[in-house]
Amino acid sequence: ANIERFGLDEYLRSPRLACLPPQGYLEMVGLMNGATVVLTDSGGVQEETTALGVPCLTLRENTERPITVAQGTNTLVGRDIAALHGLVDAILAGGGKRGRRPELWDGRTAGRIAGHLAQWLRAPRTARVTA
């Protein structure tokens, strides 16, 4: 309804766009992984694109995931349409921010947590009590 309300329906008829129904998590990650650039307002997508190494343009003025901007592939664009066009053009031309995967974003978090828990559980009971 909002697409029609704001007169955006004509853009969806472009052969360059594919309008899909809602996707599951794994399907969405697969789509992001194959993308050249992702436009979003979602914090989770900012994290996923950084982990995947895919440039991400966030259409917000701020983010609760600042590491994705400082180290990752995310750029805050806000509502600046001219900046958005310039960034998309740069990325499609082979440029754009590539960033890097932040430290400890290696997919091994569960193992580190299990190791810490095992060490804590093996410790003498008095050593486990904290003030």
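As shown above, the structure is provided for reference.
What you see is a predicted model, and the numbers here were worked out from it, not measured in a lab.

1. Remarks on the side chain of T50
If you trace the backbone, T50 turns up in helix α4 (residues 43–52). By relative accessible area, T50 is classed as buried at 2%. Here the side chain of T50 touches Q46 through a polar contact of 3.2 Å, landing on its backbone oxygen.

2. Topic: the environment of I91
Here I91 is to be found in helix α6 (residues 81–92). For the pair I91 and C56, spaced 35 residues apart in the sequence, the C-alpha separation amounts to 9.8 Å. Once you skip the residues sitting within four places of it in the chain, I91 turns out to touch T36, V37, P55, L57 and G96.

3. Things to note about the layout of surface pockets
Estimates place the volume of the largest pocket at around 1,500 Å³. Contributing to the lining of the largest pocket are 21 residues, with L12, L17, A18, V37 and L39 lying nearest its centre. When contributions to the lining of the largest pocket are tallied by element, the ones reaching two or more residues are α2 (9–12), α3 (25–33) and β1 (38–40). Per-class residue counts for the lining of the largest pocket are 17 nonpolar, two polar and two charged.

4. Concerning a nonpolar patch on the surface
Together, I3, F6, L8, Y11, L12 and L17 line one region of the surface with nonpolar side chains, adding up to about 580 Å² of accessible area. Here L12 shows up in helix α2. Overall, the relative accessible area of 36% leaves L12 in the partly exposed class.

5. A word on the sheet that holds β1
As summarised here, the arrangement of the three strands in space is β1-β2-β3, forming an open sheet in which the pairing is parallel. The sheet terminates laterally at β1 and β3 (74–76), the two strands that pair on one side only. Averaged over all pairs of adjacent strands, the angle between strand axes in this sheet comes to 25 degrees, irrespective of strand direction. Alignment of β1 against strand β2 (residues 56–58), held across three bridges, turns out to be parallel.

6. A word on the nonpolar core
V37, L57, V77, L84, V88 and I91 form the largest nonpolar core, which has six residues in total. Top element by residues in this core is α6. It accounts for three residues. Not counting residues within four places of it along the chain, the set of residues in contact with L57 comprises V37, V38, L39, T40, N74, T75, V77, L84, L87, V88 and I91. Counting residues in each nonpolar core, the second largest holds five residues, with M32, V38, V45 and V54 among its members.

7. Here's the deal with the pattern of salt bridges
Summed over all chains, the structure comprises four salt bridges. Residue R65 is joined to E64 by a salt bridge in which the shortest nitrogen-to-oxygen separation is 2.5 Å. For the salt bridge of D106 with R112, the shortest nitrogen-to-oxygen distance reads 3.0 Å. One network of salt bridges, in which partners are shared, links E47, R60, E64 and R65.

The rules behind the values
Residues numbered from 1 in each chain as written. Predicted model: local features only at pLDDT ≥ 70, side-chain atom pairs only at ≥ 80, totals over all residues. Heavy atoms only, no water. Helix = DSSP H or I, 4+ residues; strand = E, 2+ residues; numbered from the N terminus. Buried < 20%, exposed > 50% of the residue type's maximum accessible area, 1.4 Å probe, protein only. Polar contact = N/O pair within 3.5 Å; in protein donor to acceptor, adjacent residues only side chain to side chain. Contact = heavy atoms within 4.5 Å. 1 Å grid on protein atoms, 1.4 Å probe; cavity = no way out; pocket = protein on both sides within 12 Å on 5 of 7 lines; lining within 4 Å. Points joined across faces, edges and corners; volume = space filled by probe spheres on them. Nonpolar A, V, L, I, M, F, W, Y, C, P; charged D, E, K, R; others polar. Patch = residues over 30% accessible without salt bridge, like charges linked within 9 Å, V, L, I, M, F, W, Y side chains within 5 Å. Areas by Shrake-Rupley, 256 points an atom, 1.4 Å probe, with all protein chains shown as cover. Salt bridge = Lys/Arg side-chain N within 4 Å of Asp/Glu carboxyl O. Pairing = 2+ DSSP bridges. Axes fitted to C-alpha atoms, helices over the stretch in contact; angles between N-to-C directions. Core = buried A, V, L, I, M, F, W, Y, C linked by side-chain atoms within 4.5 Å.

Nothing here speaks to function; it is all geometry.
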